[in-house]
Amino acid sequence: MNDAMDSAPRLQEHVVFHLTGRRVGPGAEPIEGLHLRPALFARFGDLTRLRYDFPLVLVEPGADGEYARSLSEMLDAVLKKIAPAGIAGERLRKNVLRQERQIRALLHEGKAGTLLECWDAAAALLAGRGGEAAQDDLARARAALEADGRLLDCDGALPAQLATHAWRTVHNAKTRNMRREIDALIIRLSDLVKADYLRSEAGRHAETLEAGFGGTHRALFDFQAMARLLAKPSGGSALSETRRRRIESALAALRAERFYAAADAHAFLFEETRDAIAAYRKRLPEMAALVRAMTIADLEVQGRYVEAKHDALFDGWGPDSLGPQDLARFPDYLVCRTAGRERKGGAAARALLLKVLSSGAPIRIVLESGTLLEDSLAGEGGFSLGAQLATTAMGLNDVYVLQSAASNLYRARRQLLGAMQYPGPALINVYSGAQGSAAGGPPPFLLSAAAQESRVFPALCYDPGAGADWAARFSLDHNPQPDADWPQHEFAWADDQLQRVTEKLQFTLADFAACDPRYARHFARVPREGWNEKMVAVADWLAQPANGVPETVPCIPALDAENRLHRLIVDEKLLHAARVCREAWRRLQELDSLKRARVAAAQPAAAPAAPAPVAAAPAAAEPVAEERKAGEPYIETERCSSCNECTNLNSAMFAYNENQQATIANPDAGTFRELVEAAESCQVAVIHPGKPRNPREPGLDELIKRAEPFQ
């Protein structure tokens, strides 16, 4: 009876905190300063003692095309090559693995350099262990390393450094090919001019003839006599004056180009998006001039230039004459925006980024997302997710999009290289975890892995060049347990009687937030004596229907520095973010299901007949698009995330259908400005403003420009 009476006030305290975030009793304690972490982090202690993907070694690509290698994989290959099987190789293996741990420890302490530099530094620190035998083992292993290169740890610098190395891999290969082609054209054009010059009187002067011989043999010839013998030309010039000027003009353009030059070449790495797009546009006339010169040169060396046919074509040659194949031959531009800078400029910077991506310019933008959960406007509560830009960019259709946690970048390295090879614009959106780690959270590797695990920042890739439809273009590779709402893992702990207790835990957005001390106010610790059956796991709580005042409260398990177990109640603001996160993940699953249905269909023995209507669904939607009038505003309702942004802006113009997805109920119930603002604020870029319905609406010129990326 007393227990029942005691539990009622405790539940009330818990419910009050969950609904309001206020602590009204001893049953909901603050967690600031407790240094708690999600219970599933129990498996991860000192990362320097664990073997995982990092650090990476940046290498020159070989026949396999690899431009980055995992240190662990490289050392495994070394041991396979030099360590005898069984007990005979045990000492060698132990010494090399100890060396690997020491290298990780050095990087953790701030050491930077190449693999061999860090190898030598680590070997010096371990010199006192194992004696000469250990040093001999390390010397053998060092000699067996197949490559050297800069070492990268999983930190805030990783996204830009790895992306830049991938970009250079593509850029250097493109430069070598183009330099070879340009140099060959220069030589062949020069030979044409030189051969014609030698037919002239000036080309037969003694000084000219002497200059054409090497210094070793000049004394053997009488160049004055040779000049007299050759004084009479064997024929007129083979080059007309107009052809000579044309060839010399092409040669001058080829020699002066700055796109592939060894010296004084153009820069293609930028820190600001606006600088990259400005440079690209400014250089378009140069690009056109170079393509013109190369085309003329190729025709001339083949003897296929016909003035009556080609003069008019090249006289009007300009940037508009460049085709996709021409543009693809030029270097691409890389912009790396680090955490903290990606939010500067707010909506204006975001609009510029989307405008650049929609321009078709070959610009790769590496965006390091520093904060994923952001408090909304003061006093309004709630959360917004910081991983929405990738889905917005996918809506532009022709942009290569790669999103990945930094912890996953090595596994996504081929997709990263694909972004650099794609002929159009590309967005690489990476969460490094560096800011949260600096604020007192776990190491960047763990924090970024937690973001991907919790679906807050899922790994995804959209490659427009992979096929004609979403099934071919979109991928959710590298996400854990992709068919589930939340990944589930086993967790074991000891109760008060030191008995082993095992339970299944799902890793949710709330668990991710618990990693970062900046979100501590959204949790309340329940003392152990207050634990009860009314405290429900977040994933289970989200699965319950919401009916008035809750009779249970959502909670997560957490560990302190001594690995003691705690249970934390989660407030409604954070639970709202978890709902949004779960629904966003489900929409991504739907897109990925098209790909899986296609794979299943390719395997007749296992393929069910049911997926066929799913594949046909896009075709069924086409008549609607055909009936839409030109310039009419519309929403891709099936992709709506139900975020309330548009309905909050104008509930008469925008309304939800029976599936709680937005439609345009009445386009005349608001202004064109509201349509544009709704499109700009839409998290998944599904609102298309169309054309202004009122030609007298103020500020239309500006609004039409703002609406262009969404048409």
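Everything numeric in this text was worked out from a predicted model, so none of it was measured.

Asks: Summarise the overall build of the protein chain; cite the residues concerned and give the values.
Replies: Scanning the protein chain from N- to C-terminus turns up 25 helices and 23 strands. The buried share of the protein chain, taken over its 711 residues, is 46%. Across the protein chain, contacts joining residues at least 24 apart in sequence account for 70% of those joining residues at least 6 apart.

Asks: Give a detailed account of the confidence of the model for the protein chain, specifying residues and quantitative values.
Replies: Residues at a pLDDT of 70 or more form 84% of the protein chain, whose mean pLDDT is 84. Here residues 606-627 scores under 50 on pLDDT; set against residues more than four positions off or in separate chains, the count is four contacts.

Asks: So what's going on with the sheet that holds strand 5 (residues 269-270)? Which residues, and what values?
Replies: If you walk across this open sheet you meet the seven strands as 5-6-7-11-10-12-13, and the pairing is mixed. Edge positions in the open sheet fall to strand 5 and strand 13 (474-475), since each of these has one partner strand only. Each of strand 6 (333-337), strand 7 (363-369), strand 10 (400-405), strand 11 (426-431), strand 12 (460-462) and strand 13 is contacted by helix 15 (residues 413-421), which is oriented at about 150° to strand 10, the strand it contacts most.

Asks: Break down unusual backbone geometry for me, with residues and values.
Replies: A cis geometry characterises the amide bond from Phe54 onward to Pro55, with omega recorded as 5°. With respect to the helices, strands and loops of the structure, Pro55 is situated in the loop between strand 1 (37-38) and strand 2 (56-58). Positive phi is not limited to glycine here, since His35 has a value of about 55°. Following the sequence through the fold, His35 ends up in the loop between helix 1 (2-20) and strand 1. In this model, Asn397 sits at a positive phi of 75°, which is unusual for a non-glycine residue. Mapped onto the fold, Asn397 is located in the loop between helix 14 (389-394) and strand 10.

Asks: Residues and numbers for the sheet that holds strand 3 (residues 68-70), please.
Replies: Across the sheet, three strands lie side by side as 3-2-4; this open sheet has antiparallel pairing. The sheet is open, and its two edges are formed by strand 3 and strand 4 (151-152), each paired on a single side. Sheet topology places strand 2 next to strand 4; two bridges connect them, and they run antiparallel. Within the sheet, the bridge partner assigned to Val57 lies in strand 4 and is Leu151.

Asks: Let's hear about the pairing of strand 14 (residues 488-494): which residues, and what values?
Replies: Of the two faces of strand 14, the one holding His489, Phe491 and Trp493 is buried and the one holding Gln488, Glu490, Ala492 and Ala494 is not buried anywhere. Counting the residues that bridge the hairpin from strand 14 to strand 15 (residues 500-506) gives five residues, and of these Leu498 lies at a positive phi of roughly 60°.

Asks: Please provide a residue-by-residue account of the pattern of salt bridges, values included.
Replies: Applying the stated criterion across every chain yields a total of 34 salt bridges. A salt bridge links Asp332 to Lys174, with the nearest nitrogen and oxygen atoms 3.3 Å apart. Here the residue Asp332 occupies a position in the loop between helix 12 (324-328) and strand 6, and Lys174 occupies one in helix 6 (residues 158-198), the gap between them amounting to 158 residues. Neither residue differs from the other here; Asp332 and Lys174 are each classed as buried. Residue Asp264 pairs with Arg258 through a salt bridge whose shortest N-O separation is 3.5 Å. Taking the relative accessible area as the measure of exposure, Arg258 reaches 30% and is therefore partly exposed.

Asks: Just give me the short version of the packing of helix 24 (residues 672-681) against helix 25 (residues 700-707), but keep the residues and values in it.
Replies: Describing two packed helices takes the angle between their axes plus the distance from one axis to the other. The interhelical angle for the contact between helix 24 and helix 25, taken along N-to-C directions, is 30°, at an axis separation of 10 Å. As summarised for this structure, helix 24 and helix 25 are arranged roughly parallel, according to the angle between their axes. The interaxial crossing formed by helix 24 with helix 25 has left-handed handedness. Of the residues in helix 25, those touching helix 24 at Phe672, Arg673, Val676, Glu677 and Glu680 are Leu700, Glu702, Leu703, Ile704, Arg706 and Ala707. The class makeup of the residues in the contact of helix 24 with helix 25 is six nonpolar, no polar and five charged.

Asks: Tell me about the side chain of Arg69, and name the residues and values.
Replies: Here Arg69 is to be found in strand 3. Despite its burial, Arg69 pairs with no opposite charge; the closest candidate is Glu146, at 4.1 Å N-O. Each residue touching Arg69, except ones within four places of it in the same chain, is listed here: Pro55, Leu56, Val57, Val59, Met74, Glu146 and Tyr410.

Asks: Describe the packing of aromatic side chains, and please don't skip the residues or the numbers.
Replies: If you walk through the whole model with that rule in mind, you get 16 aromatic pairs. Arranged with centres 6.3 Å apart and planes meeting at 10°, the rings of Phe41 and Phe507 form a pair that is stacked. Here Phe41 is found in the loop between strand 1 and strand 2, whereas its partner Phe507 is found in the loop between strand 15 and helix 19 (509-513), with 466 residues between them in sequence. Taking the centre distance of 4.5 Å and the plane angle of 45° together, the rings of Tyr52 and Phe445 count as tilted. Taken as a pair, Tyr52 in the loop between strand 1 and strand 2 and Phe445 in helix 17 (residues 444-453) lie far apart in primary sequence, 393 residues in all.

Asks: Tell me what's going on with the pairing of strand 11, and back it up with residues and numbers.
Replies: Counting buried positions along strand 11 yields six of six residues, so the element is predominantly enclosed. The side-chain alternation of strand 11 yields two buried faces, one formed by Ala426, Ile428 and Val430 and the other by Leu427, Asn429 and Tyr431. Across six bridges, the pairing between strand 7 and strand 11 is parallel. Of the residues in strand 11, the one forming a bridge with Val366 is Ile428. With six bridges joining them, strand 10 and strand 11 adopt parallel strand pairing. By the bridge assignment for strand 11, Val401 is matched with Leu427. Each parallel crossover has a hand, and the one from strand 10 via helix 15 to strand 11 is right-handed.

Asks: So what's going on with the environment of Lys174? Which residues, and what values?
Replies: For Lys174, a relative accessible area of 17% corresponds to the buried category. A polar atom in the side chain of Lys174 sits 3.3 Å from the side chain of Asp332.

Asks: Run through the nonpolar core, naming residues and quoting values.
Replies: If you look at the biggest cluster of nonpolar residues, it comprises 135 residues, and the most contacted ones within it are Leu162 and Leu254. With 15 residues, helix 10 (residues 273-301) is the largest single contributor of residues to this core. If sequence neighbours within four positions are ignored, Leu162 has contacts with Leu56, Leu58, Tyr67, Ala68, Leu152, Leu409 and Leu416. The next biggest cluster of nonpolar side chains, apart from the first, holds 24 residues, and it includes Val96, Leu106, Leu145 and Leu151.

Asks: Summarise helix 15; cite the residues concerned and give the values.
Replies: Among the nine residues of helix 15, seven are classified as buried, and the element is accordingly described as predominantly covered. Within helix 15 the residues assigned to the buried category are Arg413, Gln415, Leu416, Leu417, Gly418, Ala419 and Met420.

Asks: If you had to explain the packing of helix 3 (residues 90-108) against helix 4 (residues 115-125) to someone new, which residues and values would you point to?
Replies: Closest axis-to-axis distance for the helix 3/helix 4 pair is 9 Å, and the angle between their directions is 105°. Compared by their axis directions, helix 3 and helix 4 come out roughly perpendicular. Seen from helix 3, the contacting residues are Gln99, Gln102, Ile103, Leu106 and Leu107; seen from helix 4, they are Leu115, Cys118, Trp119, Ala121, Ala122, Ala123 and Leu125. When the residues that make up the contact of helix 3 with helix 4 are grouped by side-chain class, the tally is ten nonpolar, two polar and no charged.

Asks: Could you give me a rundown of the environment of Thr164, with the residues and numbers involved?
Replies: Its location among the elements puts Thr164 in helix 6. Considering only alpha carbons, one finds Thr164 and Val335, 171 residues apart in sequence, at a separation of 9.1 Å. Sequence-distant contacts of Thr164, that is, excluding residues within four places in its chain, are made with Leu269, Leu334 and Cys336.

Conventions used here
Residues numbered from 1 in each chain as written. Predicted model: local features only at pLDDT ≥ 70, side-chain atom pairs only at ≥ 80, totals over all residues. Heavy atoms only, no water. Helix = DSSP H or I, 4+ residues; strand = E, 2+ residues; numbered from the N terminus. Buried < 20%, exposed > 50% of the residue type's maximum accessible area, 1.4 Å probe, protein only. Contact = heavy atoms within 4.5 Å. pLDDT = per-residue confidence, 0-100. Pairing = 2+ DSSP bridges. Axes fitted to C-alpha atoms, helices over the stretch in contact; angles between N-to-C directions. Salt bridge = Lys/Arg side-chain N within 4 Å of Asp/Glu carboxyl O. Parallel < 35°, antiparallel > 145°, perpendicular 65-115°, else oblique. Left-handed = near helix turned anticlockwise from the far one by under 90°. Nonpolar A, V, L, I, M, F, W, Y, C, P; charged D, E, K, R; others polar. Lys, Arg positive; Asp, Glu negative; His and termini not counted. Phe/Tyr/Trp six-rings, centres within 6.5 Å; stacked < 30°, edge-to-face > 60°. Right-handed = clockwise from strand over helix to strand, strands pointing away. Polar contact = N/O pair within 3.5 Å; in protein donor to acceptor, adjacent residues only side chain to side chain. Core = buried A, V, L, I, M, F, W, Y, C linked by side-chain atoms within 4.5 Å.

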